[in-house]
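So you can see what is in the structure, the chains are spelled out below.
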Amino acid sequence: MAEQKIVLSGMRPTGKLHLGNFHGALKNWVALQDKYNCYFFVADLHSLTTAYQHTENLAQNSEDMLIDWLTAGLNPQKCTIFIQSDVPQVSELNTLLGMITPLGWLLRNPTYKEQIQELLKQKYAGQLDEKTLGEKVASIAADDEISCFGFLGYPVLMATDILIQQASYVPVGKDQTAHLEIARDLTRRFAEIYGEQVFTEPQPLYTTVARVPGLDGRKMSKSYNNSIFLGEDLDSVRKKVMTMFTDPNKKGKNDPANPEGCVVYAFHQIYNPNAAKRCEECKAGALGCVACKKELFALMEPELSAFNERRKTFENDKAQLAQIIASGKEKARANAAATLTKVKKVMRIIK
Ligand code: TRP
């Protein structure tokens, strides 16, 4: 290992991973495991902050996500893979950090407000007009279903994940910047209050990753119903590719078009080594969108079908999976316990 610094990141187990998660995050993690001492975990407790009523599939989703990670190439010989709730020290430190986190930091967090908006939109889709929805967002404290202690405390739990493992770097998307800032602020606040620094101040690790739009051109997201999933049946993927959004100004198949904003072109940039040539062909009107889509699918198929095949080997070996989860748990617990003991000493909870 070239560097011993700790990298840590997690994902909420919201169900099947889509190609946005795959190209936007997972492939990056796979590359990082060769360069750092990496910890990757399933943030199952975090999924309770918004979906606490829907826990029917929680344990299964955690397992499915782990299988996707292994299939994508995360290697338990190279990195530590674990499930958040397998490390009870996280919940303990979360309590302690909660004691020193000013409410204002959490209430002002822009991600909190955006998420509330998103959740309310989903909840009242089609039932409320914009204005009433706006009023609801403003009076969020009145919505018992969404406005929970754990949801407001999301960034404290995330800070706990990071600080308890002493991570130096946290690979995350730009949407997590505000959360990470709270983690950084908490390290300083802890040191100011208790006179000793026990935490490593984490830095975000932004990498230039592929932009993966959803089928309709918006961000790929499960809740937008515009995703292609890992492990998805290839016939279904083929059909989805044929529905991808393209330049609406192109009417005939030999009209010139603008590849910017075209979903098919965005995918060619990921799967087609000759994407630059395709860009020119598109602008020149050299081919129609149907042909372009067919070609895209042909390029995606080998990678996706290899993934599906490889996934089966992990799916069918429950003993191996259990062993990976158990050894990740042990390593993550040991590392977390060391930090927690220091924290409790510095806070004078123990001698
Ligand atoms: N909030 C992250 C997300 O939604 C998931 C997460 C939880 C995380 N804890 C973390 C990411 C700690 C990095 C580090 O994507």
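What counts as what
Residues numbered from 1 in each chain as written. Predicted model: local features only at pLDDT ≥ 70, side-chain atom pairs only at ≥ 80, totals over all residues. Heavy atoms only, no water. Helix = DSSP H or I, 4+ residues; strand = E, 2+ residues; numbered from the N terminus. Rg over C-alpha atoms; globule rule 2.2 N^0.38 Å. Buried < 20%, exposed > 50% of the residue type's maximum accessible area, 1.4 Å probe, protein only. Areas by Shrake-Rupley, 256 points an atom, 1.4 Å probe, with all protein chains shown as cover. Core = buried A, V, L, I, M, F, W, Y, C linked by side-chain atoms within 4.5 Å. 1 Å grid on protein atoms, 1.4 Å probe; cavity = no way out; pocket = protein on both sides within 12 Å on 5 of 7 lines; lining within 4 Å. Points joined across faces, edges and corners; volume = space filled by probe spheres on them. Nonpolar A, V, L, I, M, F, W, Y, C, P; charged D, E, K, R; others polar. Phe/Tyr/Trp six-rings, centres within 6.5 Å; stacked < 30°, edge-to-face > 60°. Contact = heavy atoms within 4.5 Å. Near = heavy atom within 4 Å. Polar contact = N/O pair within 3.5 Å; in protein donor to acceptor, adjacent residues only side chain to side chain. Expected span 1.5 Å × (residues − 1). Salt bridge = Lys/Arg side-chain N within 4 Å of Asp/Glu carboxyl O.

**Considering the overall build of the chain**
Helix and strand content of the chain: 15 helices and five strands. Its C-alpha radius of gyration of 22 Å places the chain within 12% of the 20 Å reference for a compact globule of 351 residues. Counting only C-alpha atoms and orienting by the principal axes, one finds that the chain spans roughly 75 × 50 × 35 Å. With 351 residues in all, the chain has 46% of them scored as buried. Surface summary for the chain: the accessible area is close to 17,400 Å², and the carbon and sulfur share equals 52%.

**Looking at the nonpolar core**
Formed by 51 residues in total, the largest nonpolar core has its most connected members in Leu-19, Trp-69, Met-244, Phe-267 and Met-300. Ile-6, Leu-97, Leu-133 and Ile-164 belong to the second largest nonpolar core, which has 45 residues in total.

**Some words on empty space enclosed by the protein**
In this approach a probe as big as a water molecule rolls over the atoms, and the regions it shows empty are the leftover space. Evaluation of the coordinates by the stated rule reveals two cavities of 30 Å³ or more. Considering the residues around the largest cavity, the lining is formed by 15 residues, among which Cys-262, Val-264, Cys-282, Cys-289 and Cys-292 are closest to the centre. Elements represented by at least two residues in the lining of the largest cavity include exactly α12 (263-271), α13 (275-284) and α14 (289-315). For the lining of the largest cavity, the per-class residue count stands at nine nonpolar, three polar and three charged. Taken as a whole, the second largest cavity holds about 30 Å³ of empty space.

**Some details on the packing of aromatic side chains**
The final tally for this structure, using the stated rule, is nine aromatic pairs. Each ring, one from Phe-267 and one from Tyr-271, has its centre 6.5 Å from the other, and the planes form 5 degrees; the classification is stacked. On the criterion of helical spacing, the pair formed by Phe-267 and Tyr-271 is a turn pair, its members being four residues apart in helix α12. Phe-267 sits in the buried class, given a relative accessible area of 0%.

**Here we look at the environment of Leu-106**
Its place among the elements puts Leu-106 in helix α5 (residues 103-108). A relative accessible area of 7% means that Leu-106 is categorised as buried. With 76 residues separating them in the primary sequence, Leu-106 and Ile-182 have C-alpha atoms 8.4 Å apart. Those residues within four positions of Leu-106 in sequence are excluded, and the remaining contacts are Thr-101, Tyr-112, Leu-152, Gly-153, Pro-155, Val-156 and Ile-182.

**Brief notes about helix α2 (residues 44-51)**
The set of residues buried in α2 consists of Asp-44, His-46, Ser-47 and Thr-49. Looking at the buried positions of α2, the neighbouring elements they touch are β2 (37-42), α3 (58-72), β3 (80-83), α8 (149-152) and α9 (154-164).

**A word on the site of the ligand**
Lining the immediate environment of the ligand, one finds 14 residues, of which Arg-12, His-46, Tyr-154, Asp-161 and Gln-176 sit closest. Note that a nitrogen atom of the ligand is positioned 2.7 Å from one of the side-chain N or O atoms of Tyr-154. Here the ligand loses 91% of its free accessible area of 360 Å² to cover by the protein chains. Those elements that place two or more of their residues in the shell around the ligand are β1 (6-11) and α9. Of the residues forming the shell around the ligand, the biggest block, four residues, is contributed by α9. In terms of residue class, the shell around the ligand is made up of eight nonpolar, four polar and two charged.

**Points about α3**
Its 15 residues give α3 an end-to-end C-alpha distance of 21 Å, which sits within 8% of 21 Å, the value for a rise of 1.5 Å per residue. For α3, the set of buried residues is Leu-58, Asn-61, Ser-62, Met-65, Leu-66, Ile-67, Asp-68, Trp-69, Leu-70 and Thr-71. Phi turns positive one or two residues past the end of α3, at Gly-73, with a value near 120 degrees.

**Describing the side chain of Thr-246**
By secondary structure assignment, the location of Thr-246 is in the loop between α11 (234-242) and α12. With relative accessibility at 16%, the residue Thr-246 sits in the buried group.

**Focus: the layout of surface pockets**
Its boundaries defined by the atoms lining it, the second largest pocket holds a volume of some 450 Å³. The wall of the second largest pocket is formed by 19 residues, among which Asn-94, Phe-149, Gly-150, Gly-153 and Val-156 lie closest to the centre. Within the residue set of the lining of the second largest pocket, elements represented by two or more residues are α2, α4 (88-100), α5, α8 and α9. Among the elements that line the lining of the second largest pocket, the one with the most residues is α4, at five residues. Partitioning the lining of the second largest pocket into residue classes produces eleven nonpolar, eight polar and no charged.

**Brief notes about the pattern of salt bridges**
Pairs may arise between side chains of opposite charge once their charged atoms sit close together. By the definition in use, this model includes 17 salt bridges. The closest approach of N and O atoms between Asp-235 and Arg-238, which form a salt bridge, is 3.5 Å. With a gap of three residues between them, Asp-235 and Arg-238 both fall in helix α11, about one helical turn apart. You can call Asp-235 partly exposed: its relative accessible area is 44%. According to the relative accessible area criterion, Arg-238 is partly exposed, its value standing at 38%. Note that Lys-312 and Glu-309 form a salt bridge whose closest N and O atoms lie 2.9 Å from each other. A residue pair is termed a helical-turn pair when its members lie 3 or 4 positions apart in one helix, as Lys-312 and Glu-309 do in helix α14 at three residues. The class for Lys-312 is partly exposed, based on a relative accessible area of 40%. Exposure remark for Glu-309: the relative accessible area of 48% places this residue in the partly exposed category. In the salt-bridge network here, residues are joined through shared partners; they are Glu-181, Arg-184, Asp-185, Arg-188 and Glu-201.

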